[in-house]
Each structure stands twice: as C-alpha cells, then as structure tokens.
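Residue-level structure breakdown
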Amino acid sequence: MPTFNIVDQGASNSGNSTIDSVLNPLIASDTTVVFPPGTYRLNELVVPSGINDFELIAPSGARLVPDQSGDNLRWIDVSSSGFVLDGFELDMRNITIPPFVRMNSSAGNWELRRLITRGRVRAATDTNIGSNNSGEARTYFRLSAAAGTRGLLQDCYFHAGSCAPTEASNRRAILIESAKGALTFNRCWFERWGENTIYAKKPEGKFKILNCFFRNSQNGLRLGGDTEVRNCVSIKNNQHPRSTWSGGSLQRGVNIEATSPSDSSVGINSYDGTLTIADCDFYHRYLDSSCGGAITASVPCQRINVQRVRISYESRKNHDAIYTSDGRMDDGTPANLEYLQLEDVHVTNDHPSEYAIYIGQEPDTWGTVSGVLGGSGAQTNSSYISEQMTTSGTPTQPERTPPLRSPPPFGEIPMQSSQLVRIDNTGNNEPTSYRITAGEDVLPAGNDGASLTMEWGPNGRPMRPSNSMKATGTVPAGKVHAYYVTGGIETTEAVGPATWTVDGDVYDPNASNIFSTNTISSNQATRGQWQQAESGDQPTGVTIAKPLSYNGGQPVHVRLRNDANAGFEYKLEEWNYLDGSHTTETFHILHSLTMEPSEREFGLSDGTRYQVKAGEVSVSDEFNTVSMGNFFTERPVVLAQSQTYNGTEPIVTRVTDVSPNSFRVRLQEEEANGAHTTETVGYIALQQATGQINTQSFEVQRTAQTVSDQWTLIGFQQEYETPRFIAGLQTYSGLDTANLRYRNLSGTGVEVKVEEEQSADAETAHTTEAVGYVVFEGATS
C-alpha cells in the first residue's frame, strides 16, 4: 500500500494555504496519506466511487480547517469503499457557516475515528427564529453505508455544539436519512446542539449507538427499528439550545418514531425490527417545559426492548419518563407495538403531573417486566406494570459518568496516547478467550473492521472510565476484537489461536504476565521501619529487588517480606554494627507474576523462543542445591533473594555453580555472626538473550568473572530510555559476606562493585566474581 507524507509532497502545515492541489493527485486505491502535526487548510475533498481503501491519518494529531463557508457546500464527500479519516481536529472556530461532511449511500466500510470539533457549527438559517419551516434544518455529518458494508464513527467529539445554550440553531449534528448497510457509533460525545442531535429514524440497515454521551442537547436520538443503544448516558440538567425554525425544543432522550413507510429501494425501514436500549442512564432534571422524557415511543416500532436502565426525571414538560403512544406512520398506517420488554428498569419520577411509565399503546406481547419505580410523582397507569414492578420504592439512581473520557484539551485528539490492541481470530476454527489489564483504561474499538463487543467488563457488562481497567472476553472463530489501552498495558493473557498485535507489532499475550518491573526510591529512617511497595507490586510470585544504588557509603541491601495484611514490604537493611538509618537509595524490582514453581516459554518480538523459570526454596546458611530439571539448554542467569523475615538478623542471598540444570544457594549473615534460621528464598532464572518482549527492550547477560570491590563498567547491548537494572552475583569466589551495589546507571551502561561489610574486620577487598544482570526498558510506549 503506497504511503505518502503530505508535507513531504509539498503541502503546507501552517494553515496559510490550501492543500487541495497536493492532496487531490494522491487520491487512489490502496493509498495512505499521513499528516504530520500542524494545521491544514482544505477547500474540498471528493473521493469518488471506484477508489477503494483510501486513508487520511494523523497518528500524532493534526488540524483541518475549511477554506469555504456555507450550508450547501461539501467539505469531505465520499462515495468510495474503505475510506478512513483518523486523528484530526476539525477546527470551525473562524468559519461562519461550516461546510458538511458526507458518507454517501454508495460508500461502505468507512471509518471516521478520533475526530474532534473545535468551535460551534452554525447554519445559515439560524436567524429565521420561529419560521415553522423544518426544511431549514441543516446537517453537519450526513452518514450512510451501502448494502453489505459497514460504517464506523468512533471516538468523535461534537462537544462544542451548534450554539450557546441561550441561542437557537437549525444545525443538527448527524443525519442518517437512509442506509442499507450497518452503522455503528462508538464512544461519541454530543453537547449543545440546537436541532436534532442524531436524526436516524429511517435507515433500513442495523444501527448501533454504543458508549455515547449526550448532555443538554436537542432531542438526543430520533430512532426507528433495528437499532441498539447500549451503555449511553443522557443528561439534561441545565438550559439547552432551541431549534430555530420552531423556536422550541423536543428535549427527549431516545425518541422512537417509526413514521416512514418502508422503501427498500432507497434503504428506508423505520418500523421493522427491535429497538434495544440497555445499560443506559438518563438524568433529566431541568425544571423547564422543554426537558422531555427519557424513552418516548410516540410512534412505536415493531419491538422495543429496555434492559438495565436507570432514570431520574423531573420536568415541567407534558411528557412521562417512559411512554408508548398510538402513533401512526406518515401514510396513516397505525404503528403496532408487537413486543415490549422493561427488564430491571429503575425510574425515579418527581414530575408533578406525569407518570414514571405510561402505557398508551399496549404491546401484543409482554416480555420480562421488572424493576423499581419511585419518587414523588405518579408511578404508572398500567396495572400490568404495577403487578410486575415495585412501585413507590427506592430505585437505583442513574450513573452519570460518561462512557468515554472528557474531551481532550486543545491541540490533542482523542486516544492520542493510547495503544491499539488487536486480537485477530480470522482463519481459525476455535474461539480465543482473553484478559487485558490496563494502567488506566481499556476500551473496545471497531478499527479495521473489528467486531465491537459490549461484554468486556469483569461482570460481562460494559464498563465506564475509570472503572474500565480490565477487559475480558472471547473472540469467536473468524472474528476480530480490538481495544484502545491507555496508561500502558499491565498484563495480558489468552487461550486460543488468535494472533495479537499492539500498534501493528506482533505481541505475545502470555509473555506480559510473566514478570513486571518497577523503580523504588526510598530512605530508611530507623532500623525497624518497613515500607509498603506500590499496589502494583503485590506479589503472587517471586520478587527480586537488588542491587541498591550508592548514594550512602554504608554497606546496605534490600530486605523483603510478604506481610499477610500489608502485602509486599521492604526495608533498606544495614548490618547490625551500623545505626540502621540510611539516606535515599534507588532500586529496581523484577517481579514474577506466576505462581511457583513455574516454567514459561514464549515468543520474543523477532519470533525466537524465550525461557524463564521461577520458584521458591527453603534455605539457611548452608548451600542448598536447586534442580531446574532439563528446562534450560544453556546456562541461565539466576537471581535469588529471601522473601521472608523469619530471622531478624540482616542477611544477603548468594548463588553459585549455576548450570543449565541446577544452582546452589545460601544465606549469609554478617561475618561477626553465625548461623541463620531457614528463610524462603525466591529465584527467577532467565535465559541469556537480548531483544524485545512485546516491543519492550530487554537484555539478560552474565559478565565474565571480572567484578571485584572496584567499580566495573557494564556496557549494555541496547540503548534504553529509562533502564531498570536488576542484578546479582553468580559466583562464590570470595567467601566473605558480600552483595552488589551500582552507580551511574544510564541508557548505555552501569557501574557495579562487590561490597563487603566490616563487622569482623576493617578490610573490604573482594576477589573477582561473575555478575548476572537484567535490563528492562521502563518507559511506557
């Protein structure tokens, strides 16, 4: 696929001149145009039918500014298949009447991702207050998809709206007049629109609105049948704009209007199918005659399914919180409600004269009806609902947390710092189960045709930031799931044949849960002080925390214990002949995330196999031989450290005679003391290698027997931005009690030396030893 950098092709990213003359010659099938950061002035982009898989992407964000103003002027007009627009700010701040964006009915498999509107989007007819001519309504995004194709609008923010709350506008955010293909809106934010926010009651194809947020915006969703609304939030708690042509507003949440007779020739069918509203929250509490009901079926479609919905309602509009009416289509045909389900529905109704649930049209068939009605207002006019639901109860209140992050600051685009995890199970006959843990959020994505799951939460339900750190699920055979991860990937695991990638790079999900690393800097106030490690370092496996830096010259090392109540704790343990207090030192942690004993083999980024083994053994001051079986074919690096505090005397852990099959390990107290009680020693044995584990650079190496009590430079085989260095002696050539210290850690190397203590004599000379070390890149990608 040809890829062009538009600046390299001659386009200006200063915003001073249009880029049309550069961009238009690049419009071709299987072509990607990359936009570096900057501002680009675009007059008009037209992608005709026959152009397949043409992409405009801004990986680090870029700004598009229209070069023309007017309602009936197209800005981006697409009739092709496979069009992608990703990573742009659409800057309308200095445009009087912004032109429109359109995906035509012949377009298909298009994806509009990570877009954000800056500035209000006005219409030329906004001055015609009270004209009563609905034809004056204008549209910002006109979206459709051809039969057998899909369209995706994802991580897009229309938060600036069309006007201020005190104003009126004829501009709606999105119009779907007709569509035979399947359309999905995922994680989109809408606020302060003066006309209908999303007008989509006509499309024949499947329509999904997932994880979206609507606040103080005109008539949130006008929908027909074959539509799903899941994990969305609607808030009306303040003044909101009006429609200019009417001078008023229809401030409903979801308004079901099956008014258009079916016409398959143009992709219209507003009645057939089920409209599902699930896991949604409606907070409509604005004491005004414009704040309407949460779920209104003025002209019901064939089937309505409402599940796990929470509503808080107080208004002065002549609307019930939920209602159905005996509406008719435009041709006079009654819209018959065949099926109605209200499962686990909670409504707090404080309207002084309207119902929590009003049934104007009874369904032919009732589905499950359950939930709680409450509040100071009337409960329901339906005896059937009164029998099935708790009335005058205490309903669960709506969760008003948006299902997506707040709009990014100026100069950033949505998900700019995220990683895209793709779990591709196409070409396989078995499902793949998975688990992802993120540093901040993990959120489902439909990028590149992936199937959007709404069951990724630990309870099998959708989640909302900031409770969305984990995603679990199963990818069926032949399907793809994708997720945006922010805050870094903490751990992943999978069972099944799917191929994983992160930002396009091959990724082994079962390698990330082998071990983790971290950096700790701390001082020691008193000898008896224990400190708790960060919560992310609570061990289920082995923790290695050495060597220490060399800010303080007194001999010292890290001592660990795993307290049943506090979790993983540490202290900077000086020897008994010292006072026990110590200045701030830094050490790095290597933590095995697997239960012991364990043997793991996984793939590095270059496809080679890598081995690591972790375990625990009971050890005292006598050498104990630990067998590693036949797992390794070459000598590994063995890092070992006591995990317990059974004996209070200071100790270090020594290993020697490391071979592919075994090693020996013992504890050492200071020379002036003698035997030590049994402790549990944890070890991590790692294959010597240099490379990347899921794009994270690392190396495991063993030095020659050249490290003594003099500082010795170890040069790394790779360069690191934020190196994390863990190391230990691999030999026992010098019998005096000793451990390792480091200084001058950089991206290219570190200095180390063997440090003896002076409890029995003053000399600290130590013969040469071999050192085994691990370096991991600590910077988050």
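Description of the structure in this document.

Reading the values: rules and limits
- Residues numbered from 1 in each chain as written.
- Predicted model: local features only at pLDDT ≥ 70, side-chain atom pairs only at ≥ 80, totals over all residues.
- Heavy atoms only, no water.
- Helix = DSSP H or I, 4+ residues; strand = E, 2+ residues; numbered from the N terminus.
- Buried < 20%, exposed > 50% of the residue type's maximum accessible area, 1.4 Å probe, protein only.
- Contact = heavy atoms within 4.5 Å.
- Areas by Shrake-Rupley, 256 points an atom, 1.4 Å probe, with all protein chains shown as cover.
- Lys, Arg positive; Asp, Glu negative; His and termini not counted.
- Charge placed at Lys NZ, Arg CZ, Asp CG, Glu CD.
- Pairing = 2+ DSSP bridges.
- Axes fitted to C-alpha atoms, helices over the stretch in contact; angles between N-to-C directions.
- Core = buried A, V, L, I, M, F, W, Y, C linked by side-chain atoms within 4.5 Å.
- 1 Å grid on protein atoms, 1.4 Å probe; cavity = no way out; pocket = protein on both sides within 12 Å on 5 of 7 lines; lining within 4 Å.
- Points joined across faces, edges and corners; volume = space filled by probe spheres on them.
- Nonpolar A, V, L, I, M, F, W, Y, C, P; charged D, E, K, R; others polar.
- Salt bridge = Lys/Arg side-chain N within 4 Å of Asp/Glu carboxyl O.
- Phe/Tyr/Trp six-rings, centres within 6.5 Å; stacked < 30°, edge-to-face > 60°.
- Lys NZ or Arg CZ within 6 Å of the ring centre and 35° of its normal.
- Polar contact = N/O pair within 3.5 Å; in protein donor to acceptor, adjacent residues only side chain to side chain.

1. A closer look at the overall build of the chain
- The secondary structure content of the chain amounts to 2 helices and 60 strands.
- For the chain, the C-alpha atoms occupy an extent of roughly 100 × 70 × 50 Å along the three principal directions.
- In the chain, which comprises 781 residues, the share counted as buried stands at 61%.
- Look at the contacts in the chain between residues 6 or more apart in sequence, and 77% of them connect residues 24 or more apart.
- Accessible area of the chain: about 27,800 Å², with a carbon and sulfur share of 42%.
- Averaged over its 60 positive side-chain charges, the chain has a centre that lies 7 Å from the centre of its 90 negative ones.

2. So, the sheet that holds strand S52 (residues 662–668)
- Strands sit in the order S49-S52-S51 across an open sheet of 3 strands; the sheet is antiparallel. Sheet topology places strand S49 (624–627) and strand S51 (652–656) at the edges, where each strand pairs with a single neighbour. For this sheet, the mean inter-axis angle between neighbouring strands, taken without regard to orientation, is 30 degrees.
- Of the pairings in the sheet, the one linking S49 to S52 comprises 4 bridges and is antiparallel in character. Among the inter-strand pairings, valine 626 is bridged to a residue of S52, identified as phenylalanine 663.

3. Comments concerning the nonpolar core
- Core analysis: the largest hydrophobic core is formed by 95 residues, its most contacted members being Phe35, Phe83, Phe141 and Ile174.
- Those residues within four positions of phenylalanine 141 in sequence are excluded, and the remaining contacts are Leu90, Val101, Leu112, Leu115, Leu153, Phe158, Ala173, Ile174 and Leu175.
- In this structure, Met415, Ala471, Val475 and Tyr484 belong to the second largest nonpolar core, which totals 29 residues.

4. Some thoughts on the environment of isoleucine 357
- Within the fold, isoleucine 357 resides in strand S30 (residues 355–359).
- Separated by 28 residues in the primary sequence, isoleucine 357 and isoleucine 385 place their C-alpha atoms 8.4 Å from one another.
- Apart from the residues within four sequence positions on either side, isoleucine 357 is in contact with Ile322, Leu342, Leu373, Gln379, Thr380, Asn381, Ile385 and Met389.

5. Topic: empty space enclosed by the protein
- Under the counting rule described, the total for this entry stands at 4 cavities of 30 Å³ or more.
- Estimates place the volume of the largest cavity at around 250 Å³.
- Around the largest cavity, the lining is made up of 23 residues, and of these Lys546, His557, Val652, Thr653 and Asn739 lie nearest the centre.
- At the level of elements, strand S44 (556–563), strand S50 (637–642), S51, strand S57 (723–729) and strand S58 (738–743) are the ones that each hand at least two residues to the lining of the largest cavity.
- Of the residues assigned to the lining of the largest cavity, the class counts are 14 nonpolar, 6 polar and 3 charged.
- Looking at the second largest cavity, its volume works out to about 60 Å³.
- Of all elements in the fold, only strand S21 (233–236) and strand S25 (281–285) reach the threshold of two or more residues within the lining of the second largest cavity.
- In terms of residue class, the lining of the second largest cavity is built from 8 nonpolar, 3 polar and 1 charged.

6. Concerning the pattern of salt bridges
- Across all of its chains, the model carries 44 salt bridges by this definition.
- Across the salt bridge formed by glutamate 257 and arginine 222, the nearest N and O atoms sit 2.4 Å from each other. With glutamate 257 in strand S23 (residues 254–257) and arginine 222 in strand S19 (residues 221–223), this residue pair connects regions lying 35 residues apart in the sequence.
- With a relative accessible area of 8%, glutamate 257 lands in the buried category.
- A salt bridge links glutamate 601 to arginine 609, with the nearest nitrogen and oxygen atoms 3.5 Å apart.
- The network of salt bridges with common partners includes Asp86, Glu111, Arg113, Arg114, Arg150 and Asp448.

7. Focus on the packing of aromatic side chains
- Counted under the stated rule, the structure contains 30 aromatic pairs.
- Their ring planes at 90 degrees and their centres at 5.2 Å tell us that phenylalanine 141 and phenylalanine 158 sit as a pair that is edge-to-face. Of this pair, phenylalanine 141 sits in strand S11 (residues 138–143) while phenylalanine 158 is found in strand S12 (residues 150–158), placing the two residues 17 residues apart along the sequence.
- Residue classification places phenylalanine 141 among the buried positions, given a relative accessible area of 1%.
- Each ring, one from phenylalanine 716 and one from tyrosine 720, has its centre 5.9 Å from the other, and the planes form 85 degrees; the classification is edge-to-face.
- On the accessibility criterion, tyrosine 720 (4% relative accessible area) is buried.
- Through a chain of ring-to-ring contacts, the aromatic side chains of Tyr140, Phe141, Phe158, Phe190, Trp193 and Phe214 assemble into a single cluster.
- Above the plane of the ring of phenylalanine 623 lies arginine 664, whose end atom (NZ or CZ) is 4.5 Å from the centre.

8. Here's the deal with the sheet that holds strand S59 (residues 749–756)
- The strand order across the open sheet formed by 3 strands is S56-S59-S58, and the pairing between neighbours is antiparallel. What marks the edges here is a single partner per strand, and that holds for strand S56 (712–715) and S58. Along the sheet, successive strands turn relative to each other by an average axial angle of 35 degrees, direction set aside.
- Pairing analysis gives 6 bridges linking S58 to S59, with the strands arranged antiparallel. Bridging from a neighbouring strand, alanine 738 pairs with glutamate 756 of S59.

9. Structural notes on the pairing of strand S14 (residues 171–175)
- Judged by how many residues are buried, S14 sits mostly within the fold: 5 of 5 residues are covered.
- Of the strand pairs in this sheet, S11 and S14 are connected by 4 bridges, and their pairing is parallel. Each bridged residue has a counterpart across the sheet, and for arginine 142 the counterpart in S14 is leucine 175.
- The sheet contact formed by S14 and strand S16 (residues 198–200) spans 2 bridges and is parallel. Looking at the pairing, leucine 175 lines up with tyrosine 199 of S16.

10. Overview of the layout of surface pockets
- Estimates place the volume of the second largest pocket at around 440 Å³.
- Taken together, 18 residues line the second largest pocket, and the ones lying closest to its centre are Asp86, Arg113, Leu420, Asn447 and Asp503.
- Put simply, the parts of the chain that give the lining of the second largest pocket at least two residues each are strand S6 (54–66), strand S8 (84–91), strand S10 (110–118) and strand S33 (419–424).
- Looking at the lining of the second largest pocket element by element, the count peaks at 3 residues for S6.
- Residues of the lining of the second largest pocket, tallied by class, amount to 6 nonpolar, 5 polar and 7 charged.

11. Details of the side chain of arginine 118
- Within the fold, arginine 118 resides in strand S10.
- If we skip the residues at most four places from it in the chain, arginine 118 touches Glu89, Leu90, Asp91, Met92, Arg93, His159, Pro408, Pro409, Phe410, Gly411 and Glu412.

12. Some details on the environment of aspartate 77
- Tracing the sequence through the fold places aspartate 77 in strand S7 (residues 74–78).
- Overall, the relative accessible area of 5% leaves aspartate 77 in the buried class.
- Considering only alpha carbons, one finds aspartate 77 and phenylalanine 100, 23 residues apart in sequence, at a separation of 8.3 Å.
- In this structure aspartate 77 touches Leu45, Val46, Val47, Arg102 and Asn104, once residues within four positions along its chain are discounted.
- Reaching out from aspartate 77, the side chain makes a polar contact with the side chain of arginine 74 at a distance of 3.1 Å.

13. Overview of unusual backbone geometry
- The residue after proline 465, namely serine 466, is reached through a cis peptide bond having omega 5 degrees.
- Summarising the element assignment, serine 466 is placed in the loop between strand S35 (441–445) and strand S36 (470–475).
- Following lysine 546, the chain continues to proline 547 via a peptide bond in cis, the omega torsion being 0 degrees.
- Assignment of secondary structure puts proline 547 in the loop between strand S43 (543–545) and S44.
- Unusually for a residue other than glycine, aspartate 30 sits at a positive phi of about 55 degrees.
- Mapped onto the fold, aspartate 30 is located in the loop between helix H1 (20–23) and strand S3 (31–34).
- Taking the relative accessible area as the measure of exposure, aspartate 30 reaches 39% and is therefore partly exposed.
- Look at arginine 187: it is not a glycine, yet its phi comes out positive at around 50 degrees.
- As for its position among the elements, arginine 187 is in strand S15 (residues 182–191).

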